[in-house]
Amino acid sequence: MGIIIKPIITEKQTAITEKMPTRYGFRVSPDANKLEIKKAIEDMYGVAVVDVNTMNYSGKRKSRYTKSGIINGKQASFKKAIVTLKEGESIDFFSNI
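Counting restarts for each chain, with residues numbered from 1 along the sequence as it is written. Local features in a predicted model are, by the rule used here, given only for residues with pLDDT of at least 70; side-chain atom pairs are given and counted only at 80 or more, and totals for whole chains, interfaces and linings are based on all residues. With hydrogens and water set aside, each side-chain value is computed from the structure's full complement of heavy atoms.

Section: the nonpolar core
Part 1: Membership of the largest hydrophobic core comes to 16 residues, with the highest contact counts inside it found for Ile4, Phe26, Ile37, Ile41, Leu85 and Ile91.
Part 2: Each helix is a run of DSSP H or I of at least 4 residues and each strand a run of E of at least 2, with the numbering of both proceeding from the N terminus. Contributions of two or more residues to this core are made by β2 (23-28), α2 (34-45), β3 (49-57) and β6 (78-85).
Part 3: When checking whether two residues touch, look at their non-hydrogen atoms; a contact exists if any pair is within 4.5 Å. Beyond its immediate stretch of four places on either side in the chain, Ile4 contacts Phe26, Arg27, Val28, Ile37, Ala40, Ile41 and Met44. In plain words, nonpolar cores are sets of buried Ala, Val, Leu, Ile, Met, Phe, Trp, Tyr and Cys residues tied together by side-chain atoms within 4.5 Å. A simple rule labels every residue: compare its accessible area, found with a 1.4 Å probe on the protein chains alone, to the largest value its type can have, and call it buried under 20%, exposed over 50%, or partly exposed in between.

Right, here's the structure in full:
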């Protein structure tokens, strides 16, 4: 499995990208560091990365009531990276669809 798992294309992240056009969010491998993330983004998209901010999210406990009783579970933990590109550069996630 690679360092970059998938780009984050949510309503909240899209609003951040519209406000600051050089910032993009990615879901990354939990054991990746900032230098590895920077190199992976530069290689994959051919852009110059200025800054990388990372956040670790712990999994939340979930429970659901069903006919057969209560089902307990847990969401997976993940790491998120916010990448700032060099001024004037951008990434088009929908170019290869």
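What to know about the packing of aromatic side chains
The relative placement of two aromatic rings is captured by the distance of their centres and the angle of their planes.
Part 1: A pair of aromatic rings is counted whenever rings of Phe, Tyr or Trp (Trp by its six-membered ring) have centres within 6.5 Å, and the orientation is called stacked for planes under 30 degrees apart, edge-to-face for over 60 and tilted otherwise. Within the structure shown, the criterion is met by five aromatic pairs.
Part 2: Ring centres of Tyr24 and Phe93 lie 5.7 Å apart, and the angle between their planes is 85°; this geometry places the pair in the edge-to-face category. Taken together, the residues span a long stretch of sequence, with Tyr24 in strand β2 and Phe93 in the segment after β6 at a distance of 69 residues.
Part 3: The class for Phe93 is buried, based on a relative accessible area of 18%.
Part 4: A ring pair is formed by Tyr57 and Phe78, whose centres lie 4.9 Å apart and whose planes are at 15°; its orientation type is stacked. Residue Tyr57 is located in strand β3, and its partner Phe78 is located in strand β6; the two are separated by 21 residues in the primary sequence.
Part 5: Since its relative accessible area comes to 26%, Phe78 is described here as partly exposed.
Part 6: Joined through ring pairs, the aromatic side chains of Tyr24, Phe26, Tyr45 and Phe93 make up one cluster.

Examining the sheet that holds β2
Part 1: Two strands qualify as a pair provided that DSSP identifies no fewer than 2 bridges between them. With antiparallel pairing, four strands are arranged side by side in an open sheet as β1-β2-β6-β3. Looking at strand neighbours, the two that pair on one side only are β1 (4-7) and β3, the edges of this open sheet. On average, each strand axis in the sheet is tilted by 30° relative to the strand beside it, whichever way the strands run.
Part 2: Angular values range over 0 to 180 degrees, each being the angle between N-to-C directions of two axes fitted as lines to C-alpha atoms, with helices fitted over their stretch in contact. Along the sheet, helix α1 (residues 11-19) makes contact with β2 and β6, crossing β2 at roughly 145°.
Part 3: Running at roughly 120° to β3, α2 makes contact with β1, β2, β3 and β6 of the sheet.

Things to note about a nonpolar patch on the surface
Part 1: Without a salt bridge and with relative accessible area above 30%, a residue can belong to a patch; like charges are then joined within 9 Å and nonpolar side chains (Val, Leu, Ile, Met, Phe, Trp, Tyr) within 5 Å. Computed with the Shrake-Rupley method and a 1.4 Å probe, the accessible areas treat only the protein chains shown as cover for residues. Here, a salt bridge means any Lys or Arg side-chain nitrogen found within 4 Å of an Asp or Glu carboxyl oxygen. Nonpolar side chains collect at one region of the surface, where Ile9, Phe94 and Ile97 lie side by side and expose about 370 Å² of accessible area between them.
Part 2: Inspection of the secondary structure assignment puts Ile97 in the segment after β6.
Part 3: Residue class for Ile97 comes out exposed when judged on its relative accessible area of 81%.

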